[in-house]
Each structure stands twice: as C-alpha cells, then as structure tokens.
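The lines below spell out each chain.
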Amino acid sequence: MAVVSSPQKTFFIETFGCQMNFHDSEKVVGTLISQGYRQVQTVDEADLIFYNTCSIRDKAEQKVFHRLADFKRLQQQGKQFAVIGCVAQQEGEKIFERAPHVSLVAGSASYRNLPQMLIQIGQGQRATGLDDRQTDETFETEFTARTNPHRGYITIIEGCDKFCAYCVVPYTRGKERSRTSESVLAEARRMADAGYTDIQLLGQNVNSYSDPLRKASFAELLTSVGEVPGIRRVRFTTSHPRHFSRDIVDAIDSVPTLCDHVHLPVQSGSSRVLSAMYREYTRELYLERISWMKAARNKTFSITTDVIVGFPGETEAEFEDTLTLLDEVGYDGVFSFKYSPRPNTPALEYADAISDEEKTRRLAVLNEKQREIQRARYAKHLGDIMEVMVEGYNRPRGQVIGRTSQNKTLNFTVPPGHAEPAIGAYVNARVTVTFPNSLAGEMVV
Ligand code: 5AD
Ligand code: SF4
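Residue numbers here run from 1 along each chain, matching the order of that chain's written sequence. Each chain takes a letter, starting from A, and each ligand takes a number, starting from 1, following the order in which they are written. At least 70 in pLDDT is required for a residue's local features to be given in this predicted model, at least 80 for side-chain atom pairs to be given and counted, and no such filter applies to totals for whole chains, interfaces and linings, which use all residues.

Before going further, it helps to examine the overall build of the chain. Put simply, DSSP H or I for four residues or longer makes a helix, DSSP E for two residues or longer makes a strand, and each gets a number counted from the N terminus. For the chain, the count of helices and strands is 13 helices and 19 strands. A compact globule built from 445 residues should have a C-alpha radius of gyration of about 22 Å, and the chain, at 23 Å, falls within 12% of that. Residues with at least 20 neighbouring C-beta atoms inside 10 Å of their own are called buried, those with 12 or fewer are called exposed, and the rest are partly exposed, where every C-beta is derived from the backbone. In the chain, buried positions account for 41% of the 445 residues. Looking at the chain alone, contacts between residues at least 24 apart form 72% of all its contacts between residues at least 6 apart. Radius of gyration: over C-alpha atoms. The globule rule applied is 2.2 Å multiplied by the number of residues raised to the 0.38 power. What counts as a contact is two residues whose backbone-derived C-beta atoms lie within 7 Å of each other.

The next subject is the site of ligand 2. Taken together, 13 residues sit near ligand 2, with Gly17, Cys18, Cys54, Ile56 and Cys86 positioned nearest. Elements with a minimum of two residues in the shell around ligand 2: helix 1 (19-34) and helix 6 (169-173). Here the shell around ligand 2 gets three residues from one element, more than from any other, and that element is helix 6. For the shell around ligand 2, the class distribution of residues is seven nonpolar, five polar and one charged. Any residue whose C-beta atom, as set from the backbone, lies within 6 Å of a molecule or strand is reported as near that molecule or strand. Gly is placed with the polar residues, together with every amino acid not listed as nonpolar (Ala, Val, Leu, Ile, Met, Phe, Trp, Tyr, Cys and Pro) or charged (Asp, Glu, Lys and Arg).

Moving on: the site of ligand 1. Near ligand 1 the following residues occur: Ile56, Arg57, Tyr166, Cys167, Pro265, Gln267, Asp306, Ile308, Phe337, Tyr339, Ser340 and Arg342. Broken down by class, the residue content of the shell around ligand 1 amounts to seven nonpolar, two polar and three charged.

A word on helix 12 (residues 316-329). A helix is expected to span 1.5 Å for every residue after the first. The first and last C-alpha atoms of helix 12 sit 20 Å apart over 14 residues, in line with the 20 Å expected at 1.5 Å per residue. Among the residues of helix 12, those classed as buried are Phe319, Thr322, Leu325, Leu326 and Val329. Around the axis of helix 12, the buried residues are gathered within 105° of arc, so they sit on the same side. Those residues of helix 12 that are exposed and aimed more than 90 degrees away from the buried face are Glu316 and Ala317. Working note: the arc is built from the helix axis to C-beta atom directions.

Buried within helix 9 (residues 246-254) we find Ile248, Val249, Ala251 and Ile252. The buried residues of helix 9 all sit within an arc of 160° when viewed along its axis, so they share a single face. Here the buried face of helix 9 lies against helix 8 (218-226) and helix 11 (283-294).

All right, on to the domain arrangement of the chain then. Each domain's limits were defined by an automated method or a database of domain assignments. If you check the domain split of the chain, you get domain 1 (10-129), domain 2 (148-259), domain 3 (263-380) and domain 4 (385-443). Of note, the centres of domain 1 and domain 3, computed from C-alpha atoms alone, are 34 Å apart.

Look at helix 12 against helix 13 (residues 356-379): their axes get within 10 Å of each other, and the N-to-C directions meet at 15°. On the basis of the axis angle, helix 12 is roughly parallel to helix 13. Regarding helix 12 and helix 13, the two cross each other, and that crossing is right-handed. Facing helix 12, whose interface residues are Phe319, Thr322, Leu323, Leu326 and Asp327, helix 13 presents Arg362, Leu366, Lys369, Gln370 and Ile373. In the contact of helix 12 with helix 13, the residues fall into five nonpolar, two polar and three charged. Lines are fitted to the C-alpha atoms to define the axes, a helix being fitted only along its stretch in contact, and any angle between axes, read from their N-to-C directions, falls within 0 to 180 degrees. When an angle is under 35 degrees it counts as roughly parallel; over 145 it counts as roughly antiparallel; between 65 and 115 it counts as roughly perpendicular; any other value is oblique. Each crossing gets its handedness from the near helix: less than a right angle anticlockwise from the far helix is left-handed, clockwise is right-handed.

Here we come to the environment of Met20. With respect to the helices, strands and loops of the structure, Met20 is situated in helix 1. Counting along the chain gives 184 residues from Met20 to Gln204, while the straight-line C-alpha distance between them is 7.8 Å. Setting aside residues no more than four positions away along its own chain, Met20 makes contact with Leu202 and Gln204.

Moving residue by residue along a regular strand, the side chains alternate between the two faces of the sheet. Counting buried positions along strand 7 (residues 151-155) gives four out of five residues, so the element sits mostly inside the fold. Here, strands pair whenever DSSP counts at least two bridges between them. Examined bridge by bridge, strand 7 and strand 10 (residues 198-202) share five bridges and lie parallel to one another. When the bridges of strand 10 are listed, Tyr153 appears paired with Gln200.

Here we come to the nonpolar core. Throughout this description, the term nonpolar core refers to a group of buried Ala, Val, Leu, Ile, Met, Phe, Trp, Tyr and Cys residues whose C-beta atoms join them within 7 Å. One finds Val83, Ile156, Leu201 and Leu222 to be the most contacted residues of the largest nonpolar core, which totals 93 residues. If you look at the next biggest cluster of nonpolar residues, it comprises 10 residues, including Met389, Val390, Leu410 and Val431.

A few words on the sheet that holds strand 3 (residues 48-53). In a beta sheet, neighbouring strands pair by backbone hydrogen bonds and run either parallel or antiparallel. Here we have six strands laid out as an open sheet, ordered 2-1-3-4-5-6, and parallel in their pairing. Edge positions in the sheet fall to strand 2 (38-39) and strand 6 (127-129), since each of these pairs with one other strand and no more. Strand contacts of helix 2 (residues 58-70): strand 3, strand 4 (80-85) and strand 5 (102-106), with the helix running at about 165° to strand 3, the strand carrying the most contacts.

See below:
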C-alpha cells in the first residue's frame, strides 16, 4: 500500500517528444501517485519537477536545457528536479555537471526502479537510472494515470533494434522487448471495462512485435484487441516498412474496429538515400506495401508518413524522388523534418552535409507540394457522412470537434433543437466544407 507522508509531497511534470514519451509520463504519474505524491499543474506549487525529454532532433534536446536554466533559481526554495527520458539517457551524468540543481536522471528503461530512486532523492542523494538498456523487462505498472478517459495508449513493445543511420532512439530507449500478448489484452480489457473505446498500440517499431510466449503475431494481437467487447477503434504506431506485412493489411481490412489509417514512415523516396539511411527497403518495396493497402477490398486506407529532407549527400534529383513519391502514394498527412545530426549515430560521420538554408528550402518545397495533395484529397470527402468521436468543443465557432477513424479532424455543428453530443460519444456528421488539414460539417440527426 502507498505510504502517504504528511504534508503530502507534490510534483509537476512536463513532457516533450513522441506518444511513447507521453504515455511513459502517464505511467510515471501513476507511479508517483502510488508513492504518495500529488500532481500539481504549476512549477510554483511543486516540490519535485520532472522533465520527460526528447532528443530526436537538436531543437527538442535544447528545450530541456533552456527550461532547466530558467528554473535554476527555484532550487533555493527547496525544489528538486528530475530529468527523465531520451536526453537523460543520452547525456547521463553530464546533466548533473550542466545543471547541478538536478537530483535525478533516468532513461525510460529504468522507470520501473522509480520508487527506489524517489527514496534516494528524498534522503538528499542523487539518483540515476541509466544502465538498464539491455534489460528484457518492460515498464508494466498497474498505476498508469491516463489523462483522457475515452482514448488510451497501450505499449506493446519498447526499444528499437533497427539502428537507422540518423536515429538516436536505439541508444536512448535500448533494445527491443515485447510484452506478452496476454498482458496487452488484459490491459485492453481493463480499459474497456473502465469505459475506454479507442485504443492506440504503441511501440517504436510495432511490426517487430514478438510475443515472448509466442501466442500471437502483431496482426493477431491487433485483431484480438479489436475484438475486445466495448472497443470501437484501434490504431497503432509506429510501423517500419520492412516488417509491415500483408497480414496486417488483411486484419485491418476484415476487422471493423481496426482503423482505416496507417502511419508508415518512408523518410525518403530515393532508394540510394534509403540505403545510406540503413532503412532496409527500397522505394519499390515501400510502394508494394502501399499497393496492398490500396487493393484492400472493404476499406479505403488513409496513409500518413514521416520524411527527412537534407540527409547528408541527398542530391536535388534524390530530393525530387521524394516529391514524386508523395504524388504516387497520395498521403493524407506528412510529418517532415530537416535532417538533424545526432550524437552516437553513424550519419554523424557522413560527408556532404547539406546547408541549413538548403534544408529549409527543401522542407518548404515539400510542404507546399503536400499541402496541395492534401487539399485535393480532403476535398474528396465533400458530402461524405463519417462517424466521428467527439473530442471537445470550439465555443467561439459553435462547433463540436470530432475525429474520424482515418484520424482526420471533422468539426461540426449541431442542428437547432438537438442536444450537443458528450465528449467521447460517437455520432455521424456530413462533410460540407473541406480544408487541407481538416473537414467541417453538420451532425446527422
Ligand atoms: N533528424 C531529423 N528527423 C529525424 N527523425 C528521426 N531522427 C531524425 C533526425 N536525426 C524523424 C523521422 C522519424 C520521426 C519520428 O522523426 O522522420 O520517423
Ligand atoms: Fe523523442 Fe525518439 Fe525519445 Fe520519442 S523515442 S522521445 S521521439 S527521442
């Protein structure tokens, strides 16, 4: 049982980075609460301040050091600081040198040891959790404090063994380790019992999922989660094209609750660049995966991706290969990034760096092109009636904010005389206006 000391210690947590990090924070919050801490919403009210950090690009990494510098003065008030997540793992004890007011530094593979680390810092010692990346254990906790009562994440695999030439993740999150399908399903059932209807399965590379008890493949696990009574929508992220197998497409196409949206990061449309990135697939292999989705019989797949521009040595012609790929696939969304050199990664040593100015230009060209593609793609929804899950309200506009199963935002009005649907409800809405990034319409009554 949790020991609650009096007066109760308070904590504040700020999270940077990807969905994995946000979900880790939900687990960290649950663990802290189970240890008798109370969460507060401002730094001022907190005894203990957590930063869950991201180091995917240099900009993300710098953010945390700025925050730490800003809040140095708070140490005099007796506040303690904890740096966790990817920058913590990457920089390790160097963080204590750069920011001596920090008392705890831990990477994500060590979070299951947080209760002991909290005791250490409570006794005025420094605590570190940095050496656990070779562990086979995942951070399973019964204390996850989910922030949204309708939609929730479930981690199915932690870490990454892919070692793409640009990517820091295998160094910060350690080796791949999958949870048993039984424990994932048990969590999905508990969530359904608690009223969740929308589940997102998480992992750096969900397609490498390998049930330690060999009971289910990724596609089978996906199907089983989709069949949990009460669950209406299941998504997953992130996929690696190399291991994105046909049975996943078949599962989505045949199980109604599996969302018709796949995020399949391509990174580049040039096979030469993909090889330099160690991505283990060619443009052709990637397009084969896309063709499976386009050939699906029951569902129209919405496909989104990630792209890096200005990878070392990327020629103008190779960049244009990425532009033609955008046309060929017809994405509903592209997250595009300028290549950012990261510590420890092989690409750091690559010759022919592209200037920042040129990267900025390529990013702008790509975004402009994608905007036009999306304008046309979203326009095709005009007149469609789509099911949305209610996420919130835009009062100034008199609209309800909804999300479609393809993960598109559809804001809609409610006809006079009809009750406004509650957050978490599913209703149908007809699309009357389209934009490159969202849809608008009216509720069907
Ligand atoms: N520079 C720029 N973008 C990167 N990404 C990963 N590493 C880097 C890097 N060093 C992008 C990839 C990945 C997404 C999460 O972030 O596109 O899919
Ligand atoms: Fe950032 Fe990658 Fe760590 Fe997520 S796993 S927080 S994207 S560095």
